[in-house]
Amino acid sequence: MRSGRHGAARPPVGVLIQQDRVDFALFALIFVVALASMVFTGPGSIVFWLAFLPMIATGVLAFRRIEHLSRQELRDSDFL
């Protein structure tokens, strides 16, 4: 079990994204560029298959950033 308060409500994801808009805008840009390269090259190209790497990495990094921001928000609310 994780440490911390039990039953603590985490803030909505939209609120967390608004706190750090630049990071999430960059994540979206990376995802869109990878998707566009996949669309324009087609499955016969190595670029198509290599574009999966930044897409997966972007998803993982966005998830980790949301988790970090929610933990930080909960930690800050403990001080109030």
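Everything in this summary refers to the structure shown in the same document. In this text the structure is predicted, and so the values were computed from the model without any measurement. (Residues numbered from 1 in each chain as written. Predicted model: local features only at pLDDT ≥ 70, side-chain atom pairs only at ≥ 80, totals over all residues. Heavy atoms only, no water.)

**Quick word on a nonpolar patch on the surface**
Where we set the bar: Patch construction takes residues with relative accessible area above 30% that form no salt bridge. Like charges are linked within 9 Å, and nonpolar side chains (Val, Leu, Ile, Met, Phe, Trp, Tyr) are linked within 5 Å. Residue-level accessible areas treat just the shown protein chains as cover; the underlying method is Shrake-Rupley with a 1.4 Å probe. Every case where a carboxyl oxygen of Asp or Glu lies within 4 Å of a side-chain nitrogen of Lys or Arg is listed as a salt bridge. Going along the chain from the N terminus, every DSSP run of H or I of four or more residues is numbered as a helix, and every run of E of two or more is numbered as a strand. Note on classification: 1.4 Å probe, protein chains only; a residue is buried when its accessible area is under 20% of the maximum for its type, exposed when over 50%, partly exposed between these limits.
Together, V22, L26, L29 and V33 make up a nonpolar patch on the protein surface, roughly 380 Å² of accessible area in all. Turning to its location among the elements, V33 is positioned in helix α2 (residues 21–41). Overall, V33 belongs to the exposed group, its relative accessible area being 51%.

**Section: α2**
One full turn of an α-helix is made of 3.6 residues, so residues set three or four places apart face in the same direction. Spelled out, the test is: A helix is expected to span 1.5 Å for every residue after the first. This arc describes the spread of directions from the helix axis toward the C-beta atoms.
Taking 1.5 Å as the rise per residue, α2 with 21 residues should run 30 Å; its terminal C-alpha atoms sit 30 Å apart, in good agreement. Listed as buried for α2 are F24, F27, A34 and M38. Seen along its axis, α2 keeps its buried residues to an arc of 90°; they face one direction. With respect to the buried face of α2, the exposed residues turned more than 90 degrees away are R21, V22, V32, V33, V39 and F40. Two residues or fewer past α2, G42 is found with a positive phi of approximately 85°.

**Here's the deal with the packing of aromatic side chains**
Rules: Stacked, tilted and edge-to-face are the three classes assigned to paired rings of Phe, Tyr and Trp, where Trp is represented by its six-membered ring and a pair needs centres within 6.5 Å; plane angles under 30 degrees give stacked, over 60 edge-to-face, the rest tilted.
Scanning all chains against the criterion turns up four aromatic pairs. Between F48 and F52, the aromatic rings sit 5.8 Å apart at their centres with planes inclined by 85°, giving edge-to-face as the arrangement. Residue class for F48 comes out buried when judged on its relative accessible area of 15%. According to the relative accessible area criterion, F52 is partly exposed, its value standing at 33%. In this structure an aromatic cluster arises from ring pairing among F48, W49 and F52.

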